[in-house]
Structure formats: structure tokens, C-alpha cells
Amino acid sequence: MEIPRLAHYVAGEWVESTADTWSSDVNPSTGTDVLALVPEGGPALVGRAVAAGQTAVRGWAATPGPQRAQILYQAASLLAEQRAALGLLVAREVGKPLGEAVQEVDRGVTILRYFAGEAVRPLGQVIPAQQAGSLQFSMRQPLGLVAVISPWNFPVAIPLWKIAPALAFGNTVVWKPAETASFTAFSLAQVLANAGLPAGVLNLILGKGSLTGESLVQHAGLRAITFTGSDATGMRIAELAARHNIKYQLEMGGKNAALVLGDAHLDQAARLIAGGAMRFAGQKCTATSRAIVVQEVLDKFLNQLEGAVRALPLGSATTEATAVGPLIAPDAVERVHSYVTSGAASGAVVLGGKAPDGAQFGQGFFFEPTVIVGAAADAPVAQEEVFGPVLVVQPVRTLEEALELANGTKYGLSVSLFTRDINAALAYIPAIECGMVRINGDTTGVDPHAPFGGMRGSSSHSREQGPAAIEFFTEIKTVQINPAS
Ligand code: NAP
């Protein structure tokens, strides 16, 4: 069967590439199966997409909110029709286990519907004026053309929680998805285009971050950049955005901890920590990567944890029962392995620790769910984002010690505390330096209508999703109308 060649989408047209070089989009569960060929957009096409977005912005900003809403509702309906097909594509392209992949498409539908609703809500406030007879109010208006840069690990939900509010509030978009998620991006852009967006309102440019992405974020024609991905790329984007004095939003890494106190329900803690650490092979920014456990229940907890981790099947992402799945690429397997090796210098690898044996894994990019107990607090595996199925268990004596350890990395994305002690919970909520804080819950998975984002090194301190999105995707104009005299 001929391998499909993907196309860009610019100014309402699908742009077939004449590039000589095409990248192969490989299924990480098999390591060999090429799903599609991806063209490189490059600077010239980025220029065309930016021009298209700039041309379209006046008309789209002037389109009444209720009309924008109808297009987003239509996109939600079209996406819902494709839940099975798109879920399967996500599983094949990025190795997300099928059940989670389909749930992600469902989340995308919810996000589109939520922001369709936002497009008809009030956009300002009446402010009493000092001058008698004057009318003063603030109004929120669109920024203009926004660049959307998205990662591969949530190839439906993250692009949509950026694109949907951008469009709902009247902005236009140039979207550069991760190259490894290009097929899903292409399919999602088809859904949005078929929903009736006018030409130039959404533009999709495929290609590598280092070339096509870089030429987009350097472009002087942007009014804002919204980015999710690694720290290094995020910091680069912050510098470029500051140079052009445009708005930027960064969602980056995490080193998320789950704290387990002596009175916790250990079966609940072990099950949720195992899932948070290992599902989708730990490739979530909110994945649980540290379990900080009070010494008095450590042995019991480890015993339950082992059972909970072993209950999560490792295998091809397209197999219904799989919970863990492959890593995204061969170099990710090497990276995870080197973290585990260095962690073993100060801790004990009690589960996993290597690529799995067995013919069923073929040439796929798999790594066994791994638990390391007692690695030093300053070891790279305890400080840096591993982005693999690796959990470090750190024993402590008290809640205070647990909080200090939990706050002791550069990140502050998501955290969880397992306890039944209301006083411990009340002490933890203000002391913990994270954007998303749970009690007796998983560090992963946030409701699609709740603000999402981190503190310190995890984000640029704005929030995505829900009511927080309006802050980024609009700006305020203060208006005063005085009587003519
Ligand atoms: P990444 O390498 O930074 O890539 C993210 C996006 O940036 C991709 O589209 C990438 O394109 C593009 N890019 C790379 N270099 C660029 C440049 N110089 N200019 C413009 N764009 C550029 O991150 P990733 O490996 O895809 O994603 C994993 C990371 O994302 C992890 O650190 C994870 O924690 C983080 N993440 C954070 C959140 C959150 O909400 N906090 C959510 C999910 C993931 P190419 O892929 O084509 O190079």
C-alpha cells in the first residue's frame, strides 16, 4: 500500500509539498511501520501562512461570537463522528494506549463545545465613570494572529485547548504541531476546515521544530505564541517573544510528586500512583515521577505498589488491554535507560530497569515499568523530567520533610497528597509550590474546564483551559464615552 503524503493547510487550501526530503512518521509500537511521510514547511511557507492569518484576522474578529460558536459546535460534532478512527490513529502514531487515545478525542470534543459556549459570553465590565453622564467600560478583544506550537504526547487535546479559545475569541492561528504527531494534526485540521472556518483563520504548517517551528516563532508578524513542550524550547520562545514584545504562554515540564502519609488508604495510593507513573509509559507532563512515603508505611506501600504496577499490561498501543505502551522513539529508550542506570548508583531498582524481552515487543520502543527506591534527592532521576515509566520512591519521616522534598526541584506542575488527616491537608495546600494540587487523587488528568498550568519552572505562570483561557487570548481595552457638549 502506498504511504500517504501529508499536506500543509494555508489560506484555506491544502498545499501539497514538492519537497525532496520527507520524514517518516513511524509507529513506535512496531518501530518499523511507516504511517505517513511528512513534508518540511520551511520559512517560505511559514511566511505565506502568517500572511494568510494576518489577512483573515479582521474579518474573523468582526464575525459575531454566536457565528464563531456555531463553527466550533460543528467541529465538535465532526470530531465526535471520528472518535474511533482518530483514537486509533493517535494510538498508532504516538503510542498512546487505545483506551486513553479515544478518551483524548472525547476530551477534544468537550473542549470544542466549552469554547463554543465561551464565544457568546460577556467580554467586559461597566466601570463607574468620574464624569457625570459618561459611560465607561472595559472590553476584551482578540490579540490578532497567534502561533500555536504543540507537543506530540497529547496530539488532540493540547492543540484544541489552544486553538479553540484562540478562535472563539476572534484570533487567527498558524499551528506547527510536533513532527511526530503530524498525521493526527493533519486529520484534526481537516475536521476544523470542514466545520466551515473561513480561509486563513486556521493554518497548519508541518515540519521540524528546529527549522519550520523556529522560523514561525521568529516571525515578526505574530501577536502571541502559545507553546507546550520542553523547557529548552520554551525558554527560547520566551526570549524571542520578549524581543518582539508579544504575549507568550509556556507549558513545560514537571517532576510531579505523590506524598503518602501514615494514615493513607495504601491500596488507593498505590493504584493511583502506579497508574500516574506508568500509564502511557509516563509520557505526560503531569505523570507521577516521585512517591514520597513516610517510613512507617514504606514496606506495606512498596508491596502494594508492586502489585499495582504489575497489573498494568505493557504492549502495543493498539491492543485494547494495554496500559503502558511504547516510548515515542529509540533515543527516548536510551535516555530513560541512562536515568535508571545513574539512579541505581544511589538507589535500588526494585522493578523493571530495562527494555523488555519477548518476541511480542518486536522492534518497538518499549521500556519496562521501573521503580527505584531511595535514589539520592539530588540524583538526576530524582530532579529531572525522565518522561518514561520510572517512579522514584523517597522515604521520609514527617509531612514537613515530605513537603521540603516535594518542593525541592525546579518544577511545580502537579502534586498529590494521600491522607485522611484534614490538618495535614490544610498545611499542605498553601505550602506546596505547584499549579495543580490534589488530595487522594492522581497527579495526571485535569478536568477540561478547569485551569491547567504550573508554577516556577513548569510554566510561564499563565493558565490554560476553562475560564483562565480568556486572560491569554484577549486583551483589555478601556472605553469612555462622554456626552457631546
Ligand atoms: P519539544 O521538543 O520542546 O517540542 C514541542 C514543540 O516545539 C514541537 O512542536 C516541536 O517541533 C517544537 N519545537 C522544537 N524546537 C523548536 C524551536 N526552536 N522553535 C519552535 N518550535 C520548536 O517537546 P516534546 O518533546 O515534543 O514534548 C515533551 C515535553 O512537553 C515534555 O517536557 C513535557 O513535560 C512537555 N509537556 C508539557 C505539558 C504542560 O502542559 N505543562 C503538556 C504536555 C507536554 P518538533 O517536535 O517537530 O521538533
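Just so we're clear, the structure is a prediction, and the values are computed from it rather than from any experiment.

Cut-off values and rules
- Residues numbered from 1 in each chain as written.
- Predicted model: local features only at pLDDT ≥ 70, side-chain atom pairs only at ≥ 80, totals over all residues.
- Heavy atoms only, no water.
- Helix = DSSP H or I, 4+ residues; strand = E, 2+ residues; numbered from the N terminus.
- Contact = heavy atoms within 4.5 Å.
- Pairing = 2+ DSSP bridges.
- Axes fitted to C-alpha atoms, helices over the stretch in contact; angles between N-to-C directions.
- Disulfide = S-S within 2.5 Å.
- Buried < 20%, exposed > 50% of the residue type's maximum accessible area, 1.4 Å probe, protein only.
- Salt bridge = Lys/Arg side-chain N within 4 Å of Asp/Glu carboxyl O.
- Phe/Tyr/Trp six-rings, centres within 6.5 Å; stacked < 30°, edge-to-face > 60°.
- Lys NZ or Arg CZ within 6 Å of the ring centre and 35° of its normal.
- Polar contact = N/O pair within 3.5 Å; in protein donor to acceptor, adjacent residues only side chain to side chain.
- Near = heavy atom within 4 Å.
- Areas by Shrake-Rupley, 256 points an atom, 1.4 Å probe, with all protein chains shown as cover.
- Nonpolar A, V, L, I, M, F, W, Y, C, P; charged D, E, K, R; others polar.
- Patch = residues over 30% accessible without salt bridge, like charges linked within 9 Å, V, L, I, M, F, W, Y side chains within 5 Å.
- Parallel < 35°, antiparallel > 145°, perpendicular 65-115°, else oblique.
- Left-handed = near helix turned anticlockwise from the far one by under 90°.
- Core = buried A, V, L, I, M, F, W, Y, C linked by side-chain atoms within 4.5 Å.

Caption draft 1: A look at the environment of Met455. Within the fold, Met455 resides in the loop between β18 (436-439) and α15 (469-473). Sequence-distant contacts of Met455, defined by excluding residues within four places in its chain, comprise Tyr411, Gly412, Glu433, Cys434, Gly435, His461 and Arg463.

Caption draft 2: Geometry of the sheet that holds strand β17 (residues 414-418). Overall, mixed pairing links the seven strands, which are arranged β14-β15-β16-β13-β12-β17-β18 in an open sheet. One side of each edge strand has no neighbouring strand; the edge strands of this open sheet are β14 (348-351) and β18. Each neighbouring strand pair of the sheet contributes to a mean axis angle of 20°, computed without reference to strand direction. Sheet analysis places strand β15 (residues 370-373) next to strand β16 (residues 390-396), joined by four bridges and oriented parallel. Looking across to β16, one finds that Thr370 is bridged to Val390. With respect to the sheet, helix α10 (residues 298-310) is in contact with β12 (256-260), β13 (288-294), β14, β15 and β16, its orientation differing from that of β16 by roughly 170°.

Caption draft 3: The state of the cysteines, seen in detail. Applying the stated rule across the entire model yields zero disulfides. With no disulfide of its own, Cys434 lies 12 Å from the sulfur of Cys285, the closest cysteine sulfur. A relative accessible area of 9% means that Cys434 is categorised as buried.

Caption draft 4: Examining the pattern of salt bridges more closely. One pass over the structure, following the stated rule, counts 17 salt bridges. With its nearest N and O atoms 3.2 Å apart, the salt bridge here joins Glu179 to Lys208. With Glu179 in the loop between β8 (172-176) and α6 (182-194) and Lys208 in the loop between β9 (202-204) and α7 (209-217), this pair connects stretches of sequence that are 29 residues apart.

Caption draft 5: Representation of the packing of aromatic side chains. Summed over all chains, the structure comprises nine aromatic pairs. With a centroid separation of 5.0 Å and an interplanar angle of 80°, the aromatic rings of Tyr114 and Phe115 are classed as edge-to-face. Judged by its relative accessible area of 23%, Tyr114 falls in the partly exposed class. You can call Phe115 buried: its relative accessible area is 0%. Consider the rings of Phe472 and Phe473, whose centres lie 5.0 Å apart with planes at 90°: the pair is edge-to-face. Here Phe472 matches Phe473 in class, with each residue buried. Over the aromatic face of Trp22 sits the side chain of Arg5, whose NZ or CZ is 4.7 Å from the ring centroid. Directly above the ring of Phe154 sits Lys96, whose terminal nitrogen or CZ lies 3.5 Å from the centroid.

Caption draft 6: Region of interest: the side chain of Gln465. Position of Gln465 among the secondary structure elements: in the loop between β18 and α15. At a separation of 2.9 Å, a polar atom in the side chain of Gln465 contacts the side chain of Arg107.

Caption draft 7: Inspection of the site of the ligand at higher detail. Of all residues adjacent to the ligand, which total 29 residues, the nearest are Ser150, Glu214, Ser230, Met252 and Glu385. Note that an oxygen atom of the ligand is positioned 3.1 Å from one of the backbone N or O atoms of Gly209. One of the backbone nitrogen or oxygen atoms of Gly229 is found 3.3 Å away from an oxygen atom of the ligand. The protein chains hide 86% of the 900 Å² of surface that the ligand would expose on its own. Of all the elements in the fold, those that place two or more residues in the shell around the ligand are α7 and β10 (224-228). No other element matches the four residues that α7 contributes to the shell around the ligand. Here the residues of the shell around the ligand are counted per class, giving 13 nonpolar, 10 polar and six charged.

Caption draft 8: Representation of a nonpolar patch on the surface within the structure. A cluster of nonpolar side chains, contributed by Val126, Leu135 and Ile481, occupies part of the molecular surface with about 280 Å² of accessible area. As for its placement among the helices and strands, Leu135 is situated in strand β6 (residues 135-142). The exposure class of Leu135 is partly exposed, given its relative accessible area of 40%.

Caption draft 9: The arrangement of the packing of helix α2 (residues 65-81) against helix α4 (residues 98-118) in detail. It is the contact of α2 with α4, at a shortest axis distance of 8 Å, that shows an interaxial angle of 165°. Taken together, the axes of α2 and α4 lie roughly antiparallel to each other. Where α2 crosses over α4, the handedness of that crossing is left-handed. Counted together, Ala69, Leu72, Tyr73, Ala75, Ala76, Leu79 and Ala80 of α2 and Val105, Gly108, Val109, Leu112, Arg113, Phe115, Ala116 and Gly117 of α4 form the full contact between these two elements.

Caption draft 10: Structural detail: the nonpolar core. Counting residues in hydrophobic clusters, the biggest one holds 139 residues, and the most contacted among them are Trp175, Leu259, Ile273 and Phe301. Contacts of Phe301, omitting those with residues within four sequence positions, involve Val260, Leu266, Ala269, Ala270, Ile273, Ala291 and Val293. Core analysis: the next-biggest nonpolar cluster, separate from the first, contains 24 residues, Val50, Phe227, Ala238 and Ile246 among them.

Caption draft 11: Structural detail: the pairing of strand β11 (residues 247-251). Note that β10 and β11 share five bridges and pair parallel. When the bridges of β11 are listed, Ile225 appears paired with Tyr248.

Caption draft 12: Molecular detail of the side chain of Ser182. Its place among the elements puts Ser182 in helix α6. By relative accessible area, which is 0% here, Ser182 ends up buried. Setting aside chain neighbours within four positions, we find Ser182 in contact with Leu6, Asp25, Val38, Glu93 and Leu206.

Caption draft 13: Fine view of the sheet that holds strand β5 (residues 124-126). Spatial strand order, β5-β6-β19: three strands in an open sheet with antiparallel pairing. Every interior strand has two partners, whereas the edge strands, β5 and β19 (474-481), have only one. Each neighbouring strand pair of the sheet contributes to a mean axis angle of 15°, computed without reference to strand direction.

Caption draft 14: Molecular detail of the pairing of strand β4 (residues 34-38). β4 sits mainly inside the fold: four of its five residues count as buried. Of the strand pairs in this sheet, strand β3 (residues 23-26) and β4 are connected by four bridges, and their pairing is antiparallel. Each residue of the ladder has a partner; that of Asp25, found in β4, is Ala36.

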